[in-house]
Amino acid sequence: MNARKLATCALLAVLWCAPAGAPAEGRLSGASLATPSATVGHYTIGSPSAQEQEAYNYLTEDRNKSGLPALTLDPALCALARLKSQDMIDGGYFAHTSPTLGSASQMLRTYGYSFVSVGENIARHATVLKAHAAFLSSEGHRRNMMSASWKKVGIGVALDADGNAYVTQLFVR
């Protein structure tokens, strides 16, 4: 296992380690998220960042305008989406399939996230708002955002050295 993958595994072990008696809500493979105020590297554990919350608000507003309910913003799924966004920056690529994490479904399975189906949107723009506008202008991305079949969403935002926002949306049921 290369050093980068080992560091990623160590980070996620910290993200999802908790006592066995932790409540089932929000657990991954029998472990719940760590304390919301803790941080490790580029990752905020347990709660979405202000930019991730902003992106979620845009998504919810557009779903509501279309008569759709808000999706549940899942902190564990946000951590995975954030990991994907940072991985694209660190790996110097922009694609749905990561050289280190694989596809969205492979990444979720690797880190023990339970799901039936997953959809992924990725964007790289100057701001979260511009990323959201780009999602809406693309038929495939818009279809993911407006699907009534999704139940939860995770939104991860990471900024590159120039301040550009890499936004990953993971939709699951």
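Note that this is a predicted model, so its numbers are computed, not measured.

*Asks:* How should the pattern of salt bridges be read in this particular structure?
*Replies:* Two side chains of opposite charge can pair, provided their charged atoms sit close to one another. The tally for this structure, following the rule as stated, stands at 5 salt bridges. Across the pair Glu61 and Lys65 runs a salt bridge, and its minimum N-O distance is 3.3 Å. Separated by 4 residues within a single helix, Glu61 and Lys65 lie in helix H2 (residues 50-65), roughly one turn from each other. Here Glu120 and Lys84 are joined by a salt bridge, their closest N and O atoms 3.1 Å apart. Note that Glu120 is positioned in strand S4 (residues 118-125) and Lys84 in helix H3 (residues 75-91), a separation of 36 residues in sequence. For Lys84, a relative accessible area of 1% corresponds to the buried category.

*Asks:* I would appreciate a short explanation of the nonpolar core in the present structure.
*Replies:* In summary, soluble globular proteins display a tendency toward joint burial of nonpolar side chains. Leu59, Val153, Ile155, Val167 and Phe171 are the most contacted members of the largest nonpolar core, which totals 20 residues. Looking at this core, the elements that each hand over two or more residues are H2, helix H5 (128-137), helix H6 (139-146), strand S5 (152-159) and strand S6 (165-172). Residues contacting Val167, with those up to four places away along its chain left out, are Ser85, Asn121, Ile122, Ala123, Val128, Ala131, Phe135, Ile155, Gly156 and Val157. Grouped together as the second largest cluster of nonpolar side chains are 14 residues, Ala76, Leu77, Ala104 and Tyr113 included.

*Asks:* Whenever I open this one, H5 confuses me. Can you help?
*Replies:* Residues lying three or four places apart along an α-helix face the same way, a consequence of the helix completing one turn every 3.6 residues. All buried positions along H5 are accounted for by Val128, Ala131, His132 and Phe135. One side of H5 carries all its buried residues, which in axial view fall inside an arc of 100°. Packed against the buried residues of H5 are H2, S4, H6, S5 and S6.

Rules used throughout
Residues numbered from 1 in each chain as written. Predicted model: local features only at pLDDT ≥ 70, side-chain atom pairs only at ≥ 80, totals over all residues. Heavy atoms only, no water. Salt bridge = Lys/Arg side-chain N within 4 Å of Asp/Glu carboxyl O. Helix = DSSP H or I, 4+ residues; strand = E, 2+ residues; numbered from the N terminus. Buried < 20%, exposed > 50% of the residue type's maximum accessible area, 1.4 Å probe, protein only. Core = buried A, V, L, I, M, F, W, Y, C linked by side-chain atoms within 4.5 Å. Contact = heavy atoms within 4.5 Å. Arc of directions from axis to C-beta.

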